[in-house]
Amino acid sequence: MTVYVETDQIKSALNLYFQISQRTNLRLPEKIEIRFLGALTRIGALEEAERVFETVWKNFSRASFTADADVLSEAGTAGLDLYLQMGKTQRALEFWNEIRSKGIRPHSSMIVQLAESFKAQGMVHMARALLQQMRFHVMPTLQLYNVMIDVYGRHVSAEAALNKFEQLRRVYIPDANTMKSLLSMMLHMVSTRRAQLDLEAVLNKFNELIQLFSVEYNVDPAAHEDLSAVLIQFLCACGEIHLGVDAFLKFCAKDSRRSLLVPEAVLEGLRQGKLLNDQQFEEEKQWLRNSAVSALEGIDKDRLAPPDLLLPEEVMQRFIKHVQAVVSHPE
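Just so it is clear, the model here is predicted, and its values are computed rather than measured.

## Let's talk about the overall build of the protein chain
Okay, step 1: Each helix and strand in the protein chain was counted, giving 17 helices and two strands.
Okay, step 2: Per-residue burial over the protein chain gives 48% buried out of 331 residues.
Okay, step 3: Sequence-distant contacts, at least 24 apart, represent 66% of the contacts inside the protein chain between residues at least 6 apart.
Okay, step 4: In the form shown here, the protein chain has an accessible surface area of approximately 16800 Å², with 48% of it arising from carbon and sulfur atoms.

## Looking at the pattern of salt bridges
Okay, step 1: Applying the stated criterion to the full structure yields 13 salt bridges.
Okay, step 2: The partner of Glu-50 in a salt bridge is Lys-88, and the shortest N-O contact between them spans 2.8 Å. Residue Glu-50 is found in helix α4 (residues 46-61), and its partner Lys-88 is found in the loop between α5 (69-85) and α6 (89-101); the two are separated by 38 residues along the sequence.
Okay, step 3: Taking the shortest distance from any N to any O, the salt bridge between Asp-278 and Arg-271 comes out at 3.5 Å.

## Quick notes on helix α8 (residues 124-134)
Okay, step 1: The set of residues buried in α8 consists of Val-124, Ala-127, Leu-130, Leu-131 and Met-134. Seen from one end, α8 has its buried residues packed into an arc of 120°, which puts them on one side.
Okay, step 2: Along its buried surface, α8 packs onto α6, α7 (108-120) and α9 (142-155).

## Some thoughts on the packing of helix α15 (residues 261-272) against helix α17 (residues 313-328)
Okay, step 1: It is at 12 Å that the axes of α15 and α17 come closest, and there the two elements cross at 15°. Of the possible angle classes, the one that applies to α15 and α17 is roughly parallel. Between α15 and α17 lies a crossing whose hand is left-handed. Here Pro-263, Val-266, Leu-267 and Leu-270 of α15 lie close against α17, whose contacting residues are Met-316, Phe-319, Val-323, Val-326 and Val-327.

## Quick word on helix α3 (residues 30-42)
Okay, step 1: Between the first and last C-alpha of α3 there are 18 Å, a value that for 13 residues agrees with the 18 Å anticipated at 1.5 Å per step.
Okay, step 2: Inspection of α3 places Glu-33, Ile-34, Phe-36, Leu-37, Ala-39, Leu-40 and Thr-41 among the buried residues, and these make up the whole buried set.
Okay, step 3: Directly after α3, the chain includes Gly-44, whose backbone phi takes a positive value near 85°.

## Some remarks on the state of the cysteines
Okay, step 1: Across all of its chains, the model carries zero disulfides by this definition.
Okay, step 2: Here Cys-238 stays unpaired: no disulfide links it, and the sulfur of Cys-236, its closest cysteine neighbor, is 9.3 Å away.

## Remarks on the packing of aromatic side chains
The description of two aromatic rings rests on the distance between their centres and on the angle between their planes.
Okay, step 1: Applying the stated criterion across every chain, the model contains 10 aromatic pairs.
Okay, step 2: Plain terms: the ring middles of Phe-53 and Tyr-83 are 5.9 Å apart, the flat faces sit at 85° to each other, and that makes the pair edge-to-face. Separated by 30 residues along the polypeptide, Phe-53 in helix α4 and Tyr-83 in helix α5 bring together distant segments of the chain.
Okay, step 3: Phe-53 sits in the buried class, given a relative accessible area of 1%.
Okay, step 4: Pairing Phe-213 with Tyr-217 gives two aromatic rings, centres 5.6 Å apart and planes at 65°, and the pair type is edge-to-face. Both residues of the pair, Phe-213 and Tyr-217, belong to the buried class.
Okay, step 5: Aromatic rings pair up to connect Phe-53, Trp-57, Tyr-83 and Phe-95 into one cluster.
Okay, step 6: Its guanidinium or amino end placed over the ring of Tyr-152, Arg-128 lies 5.6 Å from that ring's centre, counting from NZ or CZ.
Okay, step 7: Arg-271 extends its terminal NZ or CZ atom over the ring of Phe-281, reaching a point 3.7 Å from the ring centre.

The rules behind each value
- Residues numbered from 1 in each chain as written.
- Predicted model: local features only at pLDDT ≥ 70, side-chain atom pairs only at ≥ 80, totals over all residues.
- Heavy atoms only, no water.
- Helix = DSSP H or I, 4+ residues; strand = E, 2+ residues; numbered from the N terminus.
- Buried < 20%, exposed > 50% of the residue type's maximum accessible area, 1.4 Å probe, protein only.
- Contact = heavy atoms within 4.5 Å.
- Areas by Shrake-Rupley, 256 points an atom, 1.4 Å probe, with all protein chains shown as cover.
- Salt bridge = Lys/Arg side-chain N within 4 Å of Asp/Glu carboxyl O.
- Arc of directions from axis to C-beta.
- Axes fitted to C-alpha atoms, helices over the stretch in contact; angles between N-to-C directions.
- Parallel < 35°, antiparallel > 145°, perpendicular 65-115°, else oblique.
- Left-handed = near helix turned anticlockwise from the far one by under 90°.
- Expected span 1.5 Å × (residues − 1).
- Disulfide = S-S within 2.5 Å.
- Phe/Tyr/Trp six-rings, centres within 6.5 Å; stacked < 30°, edge-to-face > 60°.
- Lys NZ or Arg CZ within 6 Å of the ring centre and 35° of its normal.

Structure representation (structure tokens):
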């Protein structure tokens, strides 16, 4: 079934799945069902994924069926993420309550996924409420601390986020995602409250963090796609356009995938830095997307997010030269 999905034969995959699920003497392994659900969600076949998930969860909920606790938690996480991606926030909250009422102990990965989904939907207050609710029920992992840093920085204060970072440092070794969370929080501050900030103090704190992560934790932003994308946008939002472009060039020197994620971050940074107007931004973003190819064989690129869209080498080189020209000779 997953092969059908990965070759864009969704109807065939669904037909096979429901043929199997309707037979009383045959049942797919739970992990295969969850993988199939994830494949549908990844390519944006959300309505089809919802049909599959409702069948999966119905089977899990039967009194005669007992699933492994880890499998139940994984399935619950997949369902929550699916409902939030579909914009069904109320259904996601109802499902969350259903999970809790069944006595399913939420894993930290479930909390992280739900909080990240709330954040992606702009519901940071819900993410923070969830983290507050769960703080006595789940042992904080590194991933949970990382999401708390970003959420607390956005919804409470930078000081609260930095306090979470200090708590993290006492029990874990910070990683690239920790740095990304700190920069995401700082980017949000600069983007939404720039006039109220001491920008010099913000940049001083940024330089302090860069030094800390480089020396103590051996984190190089250029080696991490997600982190580079946030770093570039942060620097451009602070008016440090040349530093943002330098970060882009350092990333390109190490990157071999050439996905659309970082180039789109560069365009957003140039727009924030007033080097591109909205029309130019949209035109160049569309040009990149039109030039990209799918990273998943057989999947229509219109279904995919930027990390799964790859730019040919010649397109990337042309884009690099264009960015350098825009910065060197702003109109």
